[in-house]
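Listed here are the chains, written in short residue letters.
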2 protein chains.
Amino acid sequence: MAVNLPLPVAASLKPVNGIELGFAEAGVRKANRKDLLVMKLAPSATVSGVFTTNRFCAAPVQVCKAHLEDLHLSDSASIRALVVNTGNANAGTGEAGLIAANATCTALAELLGCDGSQVLPFSTGVILEPLPVDRIKAGLPAAVANLKADNWYAAAEAIMTTDTQPKAASATVVIDGHTITMTGISKGAGMIRPNMATMLGFLACDAKVSQRVLDHLVKEAADHSFNCITIDGDTSTNDSFIVIATGTSGLEVTSVESPEYEALSKAVTALAQNLSQQIIRDGEGATKFITVTVEEGASSEECRKVAYAIAHSPLVKTAFFASDPNLGRILCAVGYAGISDLDVTKINLYLDDVWVAKQGGRHPDYREEDGQRVMKQSEITVKVKLGRGGVAATVWTCDLSHDYVSINADYRS
Amino acid sequence: MAVNLPLPVAASLKPVNGIELGFAEAGVRKANRKDLLVMKLAPSATVSGVFTTNRFCAAPVQVCKAHLEDLHLSDSASIRALVVNTGNANAGTGEAGLIAANATCTALAELLGCDGSQVLPFSTGVILEPLPVDRIKAGLPAAVANLKADNWYAAAEAIMTTDTQPKAASATVVIDGHTITMTGISKGAGMIRPNMATMLGFLACDAKVSQRVLDHLVKEAADHSFNCITIDGDTSTNDSFIVIATGTSGLEVTSVESPEYEALSKAVTALAQNLSQQIIRDGEGATKFITVTVEEGASSEECRKVAYAIAHSPLVKTAFFASDPNLGRILCAVGYAGISDLDVTKINLYLDDVWVAKQGGRHPDYREEDGQRVMKQSEITVKVKLGRGGVAATVWTCDLSHDYVSINADYRS
């Protein structure tokens, strides 16, 4: 049961000129479910991505990075397709995993008439098990056969694992007289604490954006969206966030200093925030959507440390689940977040509009019933003021419930 | 239901000459439960402790540190008593909390005929609520009235909070012809990831140990016991581990270079490990006792990073709860532990005697049923070999179950 997350309306998901999507039921792990997605791109498209920093990064992540790196060595090459399977992460699979990921690319390239290096592969699912590459290859013709521009809803379904519902959104923005259409999909509900991006987010727009500019844009958007969410603090082996600019509209962005870049980056970031927050709202077992904002820090890094300490504390998360204003647990997390010269007498803590702790101690006017009122809400903002400077950071998370334990205790069964 | 943790047998807990213990039902938070403990020490006793590194450290921790610091300024002063309350942590309580902790010390000092600075105060319980100091003061005469040398079992009961059973152990060791008797108690079941020591451990022996030597010994023992355990990664505001040497036996230890020191340190550390592991066995909701050993590291710090990443991962912990050999989750945690130059092709992973991952990938001979067999046990050792050097570290933890969520969602109700 996701937190305030209505099902996307398929008709509201706008096709993006220059990209077609096709899906199949390949039986990667389970029969009779969409588990294979192909995205075919126009030759004019540029693609950029950010990936997990987990040292055990999955084979498809390594192949994606290599294929994107090739782009920078050649002006004429371009990415022509993406292929995504669920049910198996192809991580912890060593050399055999790399061979399997490359074989998937080659098989799709043959169907589309391009080179294997022009395909980016993505996998999500169980770690440490061999990728059933033959079943994936066998499913590709069906996915290619149903490639369509308005398949975004089905695409969002095809990349789900423990997600309870598909995650997708569209937006348009007018820049320099051109209407730019953007649509994105994401998935993920556990093993979520992205450290570059999350597993998986795909966002396409029809602007024409040079490779160098798109590389800059994808990092900027990720840093303000997928890199600000956490469910359980587990940084996945497969996190990938990809931005595609199909280049089919009249808008061309060639410099990160231009007003067009600023407008496009703002719009892409807003849509990426939407997609990343959908992951939190559908977090495994989530019953509350929590915004943790840390202000008055000396650096962005220390604000994020404090925000993540709060967002990862099992005690804070269970208190939210119980709607119990046991708010000392938040101060406790602030205290162990790792700021060695923190002066706790300068700390102020707020829960929405309620001033809970003043100068490191309980606010004299704080009443339990005020804390209780906020804790019962399904959307809560925790605000900590550090009294050390002028920097702020925000992290989005959810609570820790019985269902999180159930889901992860049962995941493979 | 604790994991393989029999109730201590009261008769097996040996009195330590030079220390008497008394308890009372002060009604700090709930009526009709032992919640106040007094420990009275012989004038010959030396005392040393290590405390939480949480910046929001509780008022009693600050007072303890100040009183122990005073000892180093005066050769004649000594600690004569310890006082412990449960039900309220006296943390996040600001100046009023310090006044309350000092008032408790003064009240006990008056009853015992010493100075308030010769008393060490300890509190455990809810954070951010004022300490009911009047109820504690009112309970002190009863605690003093029942001071006895063989009250260790009742003392262990008096410091419990969410613990399901008291934690205590005794040991004797013969050093240089003298039989040294040691008894200790501990408490704690949640908010456990000590970063100096845990809330709370008290260990007394009857050796005579100089202050400087005892300061060294307490750190050494803590680093190999309480500083190696974690339940939920939450470093408490009140962690304290105290070693008391009553000085009533014939053994005198005056140098950390002596064979007597080595023997005593070894015995104290073993008992401290026993007490700290009892905390894990009684961890909130624990059904499994997990030993995480990381070998072949380049430094102790990186081994501990990897061990804690595994021990804190909610996904790893729920897999243990489910007895599900979803062991890729362990590799995933190794990958995000923060070793930036980790070469995953050198990683080997074992579950007890089962070789799961070889050179970063699934071992070709690994069979699911072997992993399943070990995962079903109540005691499991995870061993990771990093292939980077000759250093090792061990951390003890438990699984994450539905009961952890229940206990912490209901803690204050």
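Residues numbered from 1 in each chain as written. Chains lettered and ligands numbered in written order. Predicted model: local features only at pLDDT ≥ 70, side-chain atom pairs only at ≥ 80, totals over all residues.

(A) Focus on the overall build of chain A. In terms of helices and strands, chain A carries 11 helices and 17 strands. The C-alpha radius of gyration of chain A comes to 22 Å, within 12% of the 22 Å expected for a compact globule of 413 residues. Projected onto the principal axes, the alpha-carbon positions of chain A cover approximately 70 × 50 × 40 Å. Here the contacts in chain A between residues at least 6 apart in sequence split such that 81% fall between residues at least 24 apart. (Helix = DSSP H or I, 4+ residues; strand = E, 2+ residues; numbered from the N terminus. Rg over C-alpha atoms; globule rule 2.2 N^0.38 Å. Contact = placed C-beta atoms within 7 Å.)

(B) Quick look at the relation of the copies chain B and chain A. In the superposition of chain B on chain A (RMSD 0.0 Å, axial shift 0.0 Å), the rotation amounts to 180°. Expressed as an axis order, the relation between the two copies is that of a two-fold axis. Among all residues of chain B, the one whose C-alpha sits closest to the rotation axis is B:His402, at a distance of 2.8 Å. (Least-squares fit on C-alpha atoms with pLDDT ≥ 70 in both.)

(C) Quick look at the environment of B:Asp324. Residue position: B:Asp324 is located in the loop between α8 (314–321) and α9 (328–335). As for B:Asp324 and B:His402, which are separated by 78 residues in sequence, their C-alpha atoms are 15 Å apart.

(D) A look at the packing of helix α2 (residues 94–112) of chain A against helix α3 (residues 133–145) of chain A. All names here are of chain A. For the pair α2 and α3, the least separation of the axes is 10 Å and the interaxial angle reads 25°. Between α2 and α3, the interaxial angle falls into the category roughly parallel. Between α2 and α3 the crossing geometry is right-handed. Judged by residue contacts, Ala100, Ala103, Thr104, Ala107, Leu108, Leu111 and Leu112 of α2 engage Val133, Ile136, Lys137, Leu140, Pro141 and Val144 from α3. (Axes fitted to C-alpha atoms, helices over the stretch in contact; angles between N-to-C directions. Parallel < 35°, antiparallel > 145°, perpendicular 65-115°, else oblique. Left-handed = near helix turned anticlockwise from the far one by under 90°.)

(E) Region of interest: the interface of chain B and chain A. Residue-level contacts link 52 residues of chain B with 52 residues of chain A. Put simply, the parts of the chain that give the side of chain B that touches chain A at least two residues each are α8, α9, β15 (361–362) and α11 (402–410) of chain B. By residue number, the principal contributor to the side of chain B that touches chain A is α9(B), which donates seven residues.

(F) Just the sheet that holds strand β12 (residues 289–297) of chain A, in detail. Residue and element names in this part refer to chain A. The mixed open sheet is built from six strands, whose spatial order is β15-β14-β13-β16-β12-β17. Of all the strands in the sheet, the pair left with one neighbour each is β15 (361–362) and β17 (391–398). As judged from the four bridges shared by strand β13 (residues 348–351) and strand β16 (residues 379–385), these two strands associate in the antiparallel manner. Looking at the pairing, Tyr350 lines up with Lys383 of β16. (Pairing = 2+ DSSP bridges.)

(G) Expanded view of the sheet that holds strand β12 (residues 289–297) of chain B. All names here are of chain B. Strand order in the open sheet formed by six strands is β15-β14-β13-β16-β12-β17, and the pairing between neighbours is mixed. The strands lining the two open edges of the sheet, one partner per strand, are β15 and β17 (391–398). When strand β13 (residues 348–351) meets strand β14 (residues 354–358), the two strands line up antiparallel, connected through three bridges. The partner of Tyr350 across the bridge, within β14, is Trp355. Where helix α6 (residues 259–281) meets the sheet, it contacts β12 and β17, and its direction lies at approximately 45° from that of β17.

(H) Structural view of the domain arrangement of chain A. All names here are of chain A. Splitting chain A by domain gives domain 1 (10–281) and domain 2 (289–410). Domain 1 and domain 2 are separated by 33 Å when their C-alpha centres are compared. Taken residue by residue, the interface counts 10 residues in domain 1 and 11 residues in domain 2. Its residues assigned to classes, the side of domain 1 that touches domain 2 comprises four nonpolar, five polar and one charged. (Domains from an automatic or database assignment. Nonpolar A, V, L, I, M, F, W, Y, C, P; charged D, E, K, R; others polar.)

(I) Summary view of the confidence of the model for chain A. All names here are of chain A. With 97% of its residues at a pLDDT of 70 or more, chain A has an overall mean of 91. When pLDDT is averaged over each helix and strand of chain A, the minimum, 85, is found for strand β8 (residues 199–205) and the maximum, 98, for α3. The complex model carries a pTM of 0.85, and its ipTM stands at 0.83. (pLDDT = per-residue confidence, 0-100.)

(J) The packing of helix α7 (residues 300–312) of chain B against α9(B), seen in detail. Residue and element names in this part refer to chain B. Two elements in contact, α7 and α9, have axes separated by 8 Å at closest approach and are oriented at 135°. As the angle between them shows, α7 and α9 are arranged oblique. Like other packed secondary-structure pairs, α7 and α9 cross with a definite hand, here right-handed. Packed against α7, whose contacting residues are Val306, Ala309 and Ile310, the element α9 presents Ile330, Ala333 and Val334 at the interface. Counted by class, the contact of α7 with α9 contains six nonpolar, no polar and no charged residues.

(K) Here's a closer look at the pairing of β12(A). Residue and element names in this part refer to chain A. Of the strand pairs in this sheet, β12 and β16 are connected by seven bridges, and their pairing is parallel. In the strand pairing of β16, Thr291 is matched with Thr381. Where β12 meets β17, seven bridges bridge the pair, whose relative direction is antiparallel. Residue Val294 lies in a different strand from β17, and its bridge partner there is Ala393.

(L) Up close: the environment of A:Ile159. Residue and element names in this part refer to chain A. Of note, Ile159 is situated in the loop between α4 (152–158) and β6 (167–175). Judged by the 27 C-beta atoms lying within 10 Å of it, Ile159 falls in the buried class. For Ile159 and Cys57, which are 102 residues apart along the polypeptide, the C-alpha to C-alpha distance reads 19 Å. (Buried ≥ 20, exposed ≤ 12 C-beta atoms within 10 Å, placed from the backbone.)

(M) Quick peek at the pairing of strand β1 (residues 19–24) of chain B. Residues and elements named next belong to chain B. The buried count for β1 comes to five of six residues, which makes it a mostly enclosed element. By the bridge criterion, six bridges tie β1 to strand β2 (residues 36–41) in an arrangement that is antiparallel. The residue bridging Glu20 from the neighbouring strand is Lys40, located in β2.

(N) Fine view of helix α10 (residues 368–375) of chain B. Residues and elements named next belong to chain B. Every buried residue of α10 is listed here: Gly371, Val374 and Met375. The arc that holds the buried residues of α10, viewed along the axis, is 100°, so those residues lie on one side. Against α8, β13, β14 and β16 (379–385) lie the buried residues of α10. (Arc of directions from axis to C-beta.)

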